[in-house]
Structures are given as C-alpha cells and as structure tokens.
2 protein chains.
Amino acid sequence: MNRPSFRNWQSVQEEVRRRIHAREWKPGDLIPNESELAQEFGCARTTVNRALRSLAESGVLDRRRKAGTRVAAQPVAKATLDISVIRIEVEERGQKYGYQRIERDAAVPPLAISGAMKTSAQRPLLHIRALHLADDAPYAFEDRWINPDVVPDAMQEPFDSVSANEWLLRHAPYTHGEIAFSATSATPDEAAILGCPASSALFAIDRLTWDGAASVTKVRLLFGPGHQLRTVL
Amino acid sequence: MNRPSFRNWQSVQEEVRRRIHAREWKPGDLIPNESELAQEFGCARTTVNRALRSLAESGVLDRRRKAGTRVAAQPVAKATLDISVIRIEVEERGQKYGYQRIERDAAVPPLAISGAMKTSAQRPLLHIRALHLADDAPYAFEDRWINPDVVPDAMQEPFDSVSANEWLLRHAPYTHGEIAFSATSATPDEAAILGCPASSALFAIDRLTWDGAASVTKVRLLFGPGHQLRTVL
DNA sequence: CAGATTATTATGTATGCACATAACATCATT
DNA sequence: AATGATGTTATGTGCATACATAATAATCTG
C-alpha cells in the first residue's frame, strides 16, 4: 500500500490530530521528530514544523527543544473570548443598541481603585457610569475610572452619546491588560439600574488596561441575570 | 541616519506594534505590503509574513489577499482562557486538592440535557455529581452527564476517587465543544453543597463536548461566591 | 454598456538549505 | 563523586525562490 502524501501543513495537522484522537499517539507520548515525519509524509520539514507549531499553540502538543514533541498529557482546552465593543456585541445579536450616560464626574476613587490603578490616593480620576441597552432593555451597566494623566483628552469628552467603552478603544492605546470574570449579587443600586430584582446573580467583567507602567482605565461591566458569555473549544 | 535592521520576526512584530501604538498607522489604515516592509526592514518577506500573521491572529491586524493588510479598526481583545483540570487549577493556586463524589447513577436526564446532547429522550445517561475541594473547603460543584454510547468505559468507573473531570480528559477524546460562562443564584441544594448562603451569586461554567456528531459529556461547574476567572489581554 | 474574461496584485504557503539555540548526554578534570 | 567543558540533537528561525489563491482591476465582447 502506498501511503498518501500530505503536501500542505493543514493536512499534516489533520493527520496528527487524527492519530492523537485515534490514540495511536497517547497523551504523554513522544512523537517522531520533524525530520522523520517530513520523510513519512513526503513533505519538507518546514511544513511539518508549521503544523506542529500550530498544534502546540492550541495546547494539543508540548514541544521542547532537544526534548522533542509529545502529546499534551493534560490537554488544556484554550477558550478564546473575543472581547469587543458592547455596541458591536449587541448588534451582532441582531438587537438595537442603545446607550445612556448615568453619571460623569471627576472624583477621588475608593482606595481599591487607586490601589489597583497605581494612582496616587488623592488624585481625582474621571468617573463614568453608564448603561448599555439592547432593544431598549438594560443590557450592561458600565462603571469606569479613567486616568486623566494618561488620557487627558478624555476630560474634554462628555461621554453622553458615545460610550467610554467605544471612545477609549479608539483614542487610548494600551499595551496590555488584565481581565477577570466573576459572579456578584446585585446591590439595590445596581438592581435598579439594570431593572432586575435586588440580589440577583449578575455576571461581572472587570478589566484593567495599562499603557506601559501607567494604568489607562479600570472598568466593571455588570450584565443582567441570564447573561451568558459563550465560545467554542 | 541609517535605519536599524530588524532581523527576526519578533523585532519586526515589535516595530509594527510600536507604529500602531504611536498612531503612525491608525486603526483602519492600510499598511505597506510585505515586500515593501521586508525591504525597509532589511529582511526576507517570509520574516515579515511571520510577524504580520501572528499579529493578525491576535486581532491587531486585518489581512485579506490582494486587499492588503490594515490596522484593525475595531481591535477585538482576545482573551485566552486555559481551561484545565480542576485539580491542576487548585494545585496551581498552592492549595491542597480534594475530591468527593456525591452521586453516581444512570438516569434519564431532563429534556434540556438530552436535547442539548442530542440523545434520545428515554436514553439513560451516566449522571455524576461531585465536589472539588481546595484546602478542604468547597471549591467547585460538578454536575455532569456522560453519554454511555460514546464512552462505554465510563460505565465501569466508580468516579469515587478520580473525578470524571480528570478521567474523561484522559479516556474520552473529543473533536470540539462549546463553553459558556454565566452567573446564577444558588439553589438551596447547591448552597448546602458549596457551604454558602442560599441565593448566593455563583459563577457557572457550562461545557458540552462532542466527538464528531455525538455528544460526549455535558457538565456544569459551579464556583462559590468570590470566585474569579482571570487572564491577561 | 452590462456581463464575462483576463490580468494583476498581495497574501499564503511549500521547499531546500543554513545556522541558532535550548536542553540533555557524555566525558574529562579536580 | 561533584563540577565543568564539550558534543549532540530536536526544535526554532531566516532566507531565496517558486508557485497557489483570492480578490480586485482592467479589458474585451456581445
């Protein structure tokens, strides 16, 4: 029997996936090296490398120089969440997007905020509270602090029609950030804003972005009961 | 002035990132094509391609054949969550992992389950309920249904010391899956198991995995109040 | 001029080769 | 036997070249 040839990296990847799935290569197993696979598959080593590198990125393989490539013993599923602007998120659900600014002022933030943002405890920050709507119903409550030292232009923005969520993405570049997801019980205030019973279980996204060593903005987004963040594995 | 040369793809990537961050290339802008950049950077087109491809994967650039490469207008932040085995998760927090099986039986699932898993409404599935502990305190409550047609070996497993969470990853290959995050109010039953007040806001992860067209398992993981799922941007 | 055909162009990828680098193995030295 | 130098090996990457492919632009044709 003449073995089929795998002449592009996608088909090599598929074949490797198949062998792992078929348990020909079991979790923890060392697989043949690139040169051997290239010979077997009838393609260049570069092509095999491309396929294996991609599989390593998605967590299926563990690769180490000299040590070789092995099937991930503990296959960590990598779920990639696309965090976009809320307006886009709502529109992609086929709903009408709406926005309401609730509050905008400069204020000295609670210590938890200035601490996390590494700003001076007395320094007033720009504080925005707003509601995002989907089909005229409350969708997400945004509570945001902006560092005016990093984004001075924000002080001139009213954020009454364009959300800070959207404005910042366009005007405030950042280098890195942290994001956390959690569940929280609605305070009476939050419940009133989101139009849900007090103590409802809300889905919370906390995000903190940095431009180098300085924090840009810290935001908490609260989603009403029933909200799901979904993706594929 | 002699321009610096960028002789590896990481430094090319860095330079592109810098230009975008410095607004030399603004969101939506078409950037020079690979050949031009290769010439400017004094490297091969392959190297530029590697850098730009990687940036496109992370959502910073939009690339289309012939149309060229442009800076993403709506930079979607891609948060990658590593979903691993709960035991590993706990151990990585430096805590002692514990496991308790609460229930194991074959039962006809609610319609919501058989519907989602696309199994016959009368078909009994393997039902496991278990508690994961961190430093002897409740950490996560696992409520799982397993499709015995796809994972017959599971019927022989007691799941009293090794969690289904871990056993399945080792013994039940899957091709794809869905995952959803949400917040939910603790039922009295759940509250008792997790040792928290009834109606507490719990963080829920729902996962459904498939092997081709057949569902492998559907699981709901509930985490106690205060639990956060965090990652970097 | 509408619609189909063809050319052009930028990205996508395969290949052979070379060398870099990390990690491990081996052997020599104290 | 501990320590350090050296070699070996598998992956990681760069380069030149060639061709593939998708999408657009230009051209031809009825």
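What counts and how
- Residues numbered from 1 in each chain as written.
- Chains lettered and ligands numbered in written order.
- Predicted model: local features only at pLDDT ≥ 70, side-chain atom pairs only at ≥ 80, totals over all residues.
- Heavy atoms only, no water.
- Pairing = 2+ DSSP bridges.
- Helix = DSSP H or I, 4+ residues; strand = E, 2+ residues; numbered from the N terminus.
- Axes fitted to C-alpha atoms, helices over the stretch in contact; angles between N-to-C directions.
- Contact = heavy atoms within 4.5 Å.
- Salt bridge = Lys/Arg side-chain N within 4 Å of Asp/Glu carboxyl O.
- Domains from an automatic or database assignment.
- Least-squares fit on C-alpha atoms with pLDDT ≥ 70 in both.
- Near = heavy atom within 4 Å.
- Polar contact = N/O pair within 3.5 Å; in protein donor to acceptor, adjacent residues only side chain to side chain.
- Nonpolar A, V, L, I, M, F, W, Y, C, P; charged D, E, K, R; others polar.

A. The sheet that holds strand β11 (residues 228-232) of chain B, seen in detail. Pairing within the open sheet is antiparallel, and its seven strands lie in the order β5(A)-β6(A)-β7(A)-β10(A)-β9(A)-β8(A)-β11(B). Each having just a single partner strand, β5 (97-107) of chain A together with β11 of chain B make up the two edges of the open sheet. Between one strand axis and the next, the sheet turns by 15 degrees as a mean value, whatever way the strands run. With ten bridges connecting them, strand β8 (residues 176-185) of chain A and strand β9 (residues 201-211) of chain A associate as antiparallel partners. Its bridge partner being in β9(A), A:Gly177 is matched across the sheet by A:Thr209. Relative to strand β7 (residues 137-146) of chain A, helix α6 (residues 164-171) of chain A is tilted by about 50 degrees, and along the sheet it contacts β5, β6 (125-134), β7, β9 and β10 (214-223) of chain A.

B. Here's a closer look at the pattern of salt bridges. Enumeration over the complete set of coordinates arrives at 28 salt bridges over all chains. The salt bridge partner of B:Asp149 is B:Arg123, with a shortest N-O separation of 2.5 Å. Of this pair, B:Asp149 sits in the loop between β7 (137-146) and α6 (164-171) while B:Arg123 is found in the loop between α5 (111-117) and β6 (125-134), placing the two residues 26 residues apart along the sequence. Through salt bridges with shared partners, a single ionic network connects A:Glu15, A:Arg18, A:Arg19, A:Glu24 and A:Glu40.

C. Just the domain arrangement of chain A, in detail. On domain assignment, one finds that chain A holds domain 1 (9-71) and domain 2 (86-223). Domain 1 of chain A and domain 2 of chain A are separated by 44 Å when their C-alpha centres are compared.

D. Quick look at the relation of the copies chain A and chain B. After a rotation of 180 degrees and a shift along the axis of 0.1 Å, chain A superposes on chain B with an RMSD of 0.1 Å. Put plainly, the chains are arranged around a two-fold axis. Most of the interface of chain A is mirrored in chain B: 100% of its interface residues are interface residues there too.

E. Structural context of the protein's contact with DNA strand D. Surrounding DNA strand D, one finds 23 residues, the nearest of these being A:Arg63, B:Asn8, B:Trp9, B:Thr47 and B:Arg64. A distance of 2.6 Å is found between a phosphate oxygen of DNA strand D and a side-chain nitrogen or oxygen belonging to B:Arg64. Elements supplying a minimum of two residues to the surface near DNA strand D: α3 (45-57), β2 (61-64) and β3 (68-71) of chain A together with α1 (9-21) and α3 (45-57) of chain B. Of the residues belonging to the surface near DNA strand D, the class tally is three nonpolar, eight polar and twelve charged.

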